[in-house]
Every structure is written in structure tokens, then in C-alpha cells.
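Listed below, chain by chain, are the residues.
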Amino acid sequence: MKKYDFANVTARPFPSIYDVANPYIFGGIKSVINVSEREDMRLLDYYKANSITYNHLPIKECVPDMGWSNILKCVEIIVDNIRNDIPTIVHCIGGNNRSPLVVECAFYALYGYHLIDEYKGAKNHLQYNVEQGYLPLTLQEIEIKLSSLVTIQLGNKTIHKSKTQTIKNGNKKVSFAFTACNCSMRRVHIM
């Protein structure tokens, strides 16, 4: 089980019915994302009875396309949960590849750099799975796609954090850029 410091997100192995009833493991959890191919109906009943949002987005293990579309859906849910301070558990079967992979993708989408995981050494699960050929895109293509998932609201305008955009402010045009690490806005150029 890995609790991430950057958000209230935990990656773990597939939980048992005893795990979900344990307040030290599941206490306060409001969202569960299952990226394994398996489901346990007893767990679904528990989640429903305890008002825990459940998403099942299967990602295959060690195959040429693990499930890129489901990885992106997981990232969107995790980012939304982080923004809304919703405690989240992401799990697969062993908790050593797929669940950390989607959390690390969410971290990249939010902050624009790779979270290094001590389990994989100097790499992380995203870099490892790209190198092994388990994702259908290059690392650069994945980074661009992940960066485009996060947007920032500025008044009635939605701005993608990976871009510099120009918007009209009264009778002036103002260009904005966002730093990759914390999505803070800085004014770049006024025309």
C-alpha cells in the first residue's frame, strides 16, 4: 500500500472485505477506482452502503496496450478528486504496477514532471511501461496528452495549463502562461 504525499490518494492491492471494513485502511475513503479486471460483488455492496463512489476501469497487465483510454479516465477522476479533496483509493491485484501507474499519470497531469517511485528505482511506472512497450504511445506523446487534461478556470474562460493563451481583458489582450509545477498563473505579455 502506497500513500502519496501530494494528495489524499492511496495505491494498494485488491482489498478484501476485511480491508474495506478496517478504519485504518478505508477510514474516510470516499472514492475507489478499481483498475484490475476482477470485481468482488461483496465490495460493491459495501461501497454502496457506505456512500463510496466506485469506478471500475480495467487495465490489463503487461500487454501491448494495457488500456490507454481507461488510464486517461482514471487520471481525470483522480485529478477531479484531488481538486475536490475526496480521499481516494486506486487498486489493482497486487498494487505494484497498474494502480501506481495511474496515480503517477495524474501527478504528471497536475504538476508536469514525473514522480519517481522507489519501487522502480530511478524511473516510475509510466516510464517503465512505455519502455516495455505496454502503452501505445511514446513517453512524449503521453506527456502531451496528460498535460492537456488539466485546465484552469479564469473567469468564464477555460485555459489549458500546458499552453500559453491570449484572452481579451477589456480593450487589452493579455497573454497568460502557467508554470508546470503548480499551475500558478503569471502574466507574460500585455498588448
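Rules used in this analysis
- Residues numbered from 1 in each chain as written.
- Predicted model: local features only at pLDDT ≥ 70, side-chain atom pairs only at ≥ 80, totals over all residues.
- Heavy atoms only, no water.
- Buried < 20%, exposed > 50% of the residue type's maximum accessible area, 1.4 Å probe, protein only.
- Helix = DSSP H or I, 4+ residues; strand = E, 2+ residues; numbered from the N terminus.
- Pairing = 2+ DSSP bridges.
- Core = buried A, V, L, I, M, F, W, Y, C linked by side-chain atoms within 4.5 Å.
- pLDDT = per-residue confidence, 0-100.
- Contact = heavy atoms within 4.5 Å.

Our next topic: the pairing of strand 5 (residues 88-91). Burial of the side chains of strand 5 extends over both faces: Thr-88 and Val-90 are buried on one face and Ile-89 and His-91 on the other. Examined bridge by bridge, strand 2 (residues 9-12) and strand 5 share four bridges and lie parallel to one another. Residue Arg-12 lies in a different strand from strand 5, and its bridge partner there is His-91. Bridge count for strand 3 (residues 31-34) against strand 5 is four bridges, and the pairing is parallel. Pairing of Asn-34 across the sheet is with His-91, part of strand 5.

In summary, soluble globular proteins display a tendency toward joint burial of nonpolar side chains. Ile-71 and Leu-146 are the most contacted members of the largest nonpolar core, which has 37 residues in total. Every element with two or more residues in this core is listed here: strand 2, helix 4 (68-83), helix 5 (98-111), helix 6 (125-131) and helix 7 (139-149). It is helix 5 that contributes the most residues to this core, nine residues altogether. Counting 11 residues, the second largest nonpolar core, distinct from the first, contains Val-32, Leu-44, Tyr-47 and Ile-52.

The next thing to look at is the confidence of the model for the protein. Here the protein averages 82 in pLDDT, while 77% of its residues score no lower than 70. A low-confidence stretch, residues 172-191 (pLDDT under 50), is modelled with 57 contacts involving residues beyond four sequence positions or located in other chains.

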